[in-house]
Amino acid sequence: MGKFHANLDHVGVSFVWGLAVFVGLFASIKGSGGHINPAVTIALATLNKFPWRKVPHYLISQYLGAFAASGLLYLLYHDAIVMKVGDVRELTGANGTADIWTTFLQPWVSVETAMFDQILGTAILMFTVLAIVDPNNLKVPEPLVPLYAGLLVTSLVFGFAYNCMAPLNPARDLGPRVFVAIAGWGSEAFSSRNGWIGILGPHLGAILGGWVYYLSLENNRPAGEQPQREASAKISAVTDTINKLDNLFFFLISTQSYQGIKLVVLHHDWVK
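All values reported here derive from a predicted model rather than from experimental measurement. Numbers given to residues run from 1 along each chain, matching the order in which its sequence is written. Restriction of local features to residues with pLDDT of at least 70 applies here, the model being predicted, together with a cutoff of 80 or more for giving and counting side-chain atom pairs; totals for whole chains, interfaces and linings are based on all residues. Excluded from the side-chain calculations are hydrogens and water; all other atoms, namely the structure's heavy atoms, are used.

Peer 1: Explain the UniProt feature "transmembrane region" (unreviewed entry) in the protein chain to me, please; I cannot follow it from the model alone.
Peer 2: UniProt positions are given in the numbering used here, feature names are shortened, and annotations may be inferred rather than shown by experiment. The sites that UniProt annotates as "transmembrane region" (unreviewed entry) are residues 12-29, 58-77, 114-133, 145-162 and 195-215. Each end of residues 114-133 is marked by a C-alpha atom, and these two atoms are 29 Å apart; helix forms 100% of the span and strand 0%. In this text, helices come from DSSP runs of H or I with a minimum length of four residues, and strands from runs of E with a minimum of two, each type numbered from the N-terminal end. Helix and strand shares over residues 145-162 are 100% and 0% respectively, and the end C-alpha atoms of the span are 27 Å apart.

Peer 1: Where do I start with the packing of helix α2 (residues 38-46) against helix α7 (residues 197-218) in this structure?
Peer 2: When two helices pack together, their arrangement is given by the angle between their axes and by how far apart the axes lie. Axis lines are fitted through C-alpha atoms, for helices just across the contact stretch, and the angle between N-to-C directions can take any value from 0 to 180 degrees. Between α2 and α7, the least distance of the axes is 8 Å, while the angle of their chain directions is 40°. Comparing the axis directions of α2 and α7 gives the class oblique. Of the two elements, α2 crosses α7, and the hand of that crossing is right-handed. Every residue of α7 that contacts α2 at P38, A39, V40, I42, A43 and T46 is listed here: P202, H203, A206, I207 and W211. Orientation labels follow simple angle bins: below 35 degrees gives roughly parallel, above 145 gives roughly antiparallel, 65 to 115 gives roughly perpendicular, and whatever is left gives oblique. Crossing handedness is read from the near helix: turned anticlockwise from the far helix by less than a right angle, it gives a left-handed crossing, and turned clockwise, a right-handed one. What makes two residues a contact is simply this: any of their non-hydrogen atoms within 4.5 Å.

Peer 1: Where do I start with helix α5 (residues 145-164) in this structure?
Peer 2: Along an α-helix, residues three or four positions apart point the same way, because every turn accommodates 3.6 residues. Expected span of a helix: the number of residues minus one, times 1.5 Å. Taking 1.5 Å per residue, 20 residues should reach 28 Å; α5 reaches 27 Å between its end C-alpha atoms and fits that length. Trailing α5 by a residue or two, M165 shows a phi angle of about 70°, which is positive.

Peer 1: Would you mind going over the packing of aromatic side chains with me for this structure?
Peer 2: Each aromatic ring pair is summarised here by two numbers: the centre-to-centre distance and the angle between the ring planes. Between 30 and 60 degrees the pair is tilted, below 30 it is stacked and above 60 it is edge-to-face, where a pair is any two Phe, Tyr or Trp rings, Trp via its six-membered ring, whose centres lie within 6.5 Å. Using the criterion set out here, one finds 11 aromatic pairs in the structure. With a centroid separation of 4.9 Å and an interplanar angle of 70°, the aromatic rings of F50 and Y58 are classed as edge-to-face. Each member of the pair, F50 as well as Y58, is classed as buried. Between W101 and F179, the ring centres sit 6.1 Å apart and the planes meet at 35°, which makes this aromatic pair tilted. Within this pair, whereas W101 is found in the loop between α3 (55-85) and α4 (111-133), its partner F179 is found in helix α6 (residues 170-185), the two being separated by 78 residues in sequence. Each residue in the set F67, Y74, W101, F179 and W185 is aromatic and connected to the rest through ring pairs, giving one cluster. Type-normalised accessible area, obtained with a 1.4 Å probe on protein chains alone, sets the label of each residue: buried when under 20%, exposed when over 50%, and partly exposed for intermediate values.

This is the structure in structure tokens:
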């Protein structure tokens, strides 16, 4: 069982994260617009796609939600942790359990590489999210948005987890990190190598990815492409209305002509 788990661990984690994003978006997309990532929320605000006045309470909700979920996870698996390592509370290593909740850099990875990893990974995330929801791109039906976003996160976790476990979402990093710090693992969770990359990197990356999409695609389509489509639709609707009025007018004229002919015939018969 241990060998089986080790061989499928990375693949399984990638798909579980994708499913978690799918479920989160499916449940919240109608209520909050599917804002489950603070980096995405702020990036949208910089693009004027989300009001800045809503950003503070959205961020508070996201971070508190991640913290509360960490507490529930601790209650759910407390017995298993005690069975595995007893009362030991180590961050990483053979007896490390803090990485159940939050992310840590691999020992061989430099801070600079980890920061680049998260900026690039979250830039790809934001760029593709905008491509999915852009009404002038492929017009993805709203019920499919959670599925596509979940598959996107699955691919990113699969490709970006090797260096620093692919945070990609500051809430899923900071909220659980605060929890493990106060639940027995200590302040080392906020060490200089681990305590800020999963927060700062995704924010910078999401802003970068959002603006790259806006400047390269959304703001660079052929001039008048969308207005022309809208104008064509309006012209078609007007033409259809005119045709219907024309048919009605012809019907009325025909009816009146028929009545006039009938009256002439009746008058002629009466005179005779």
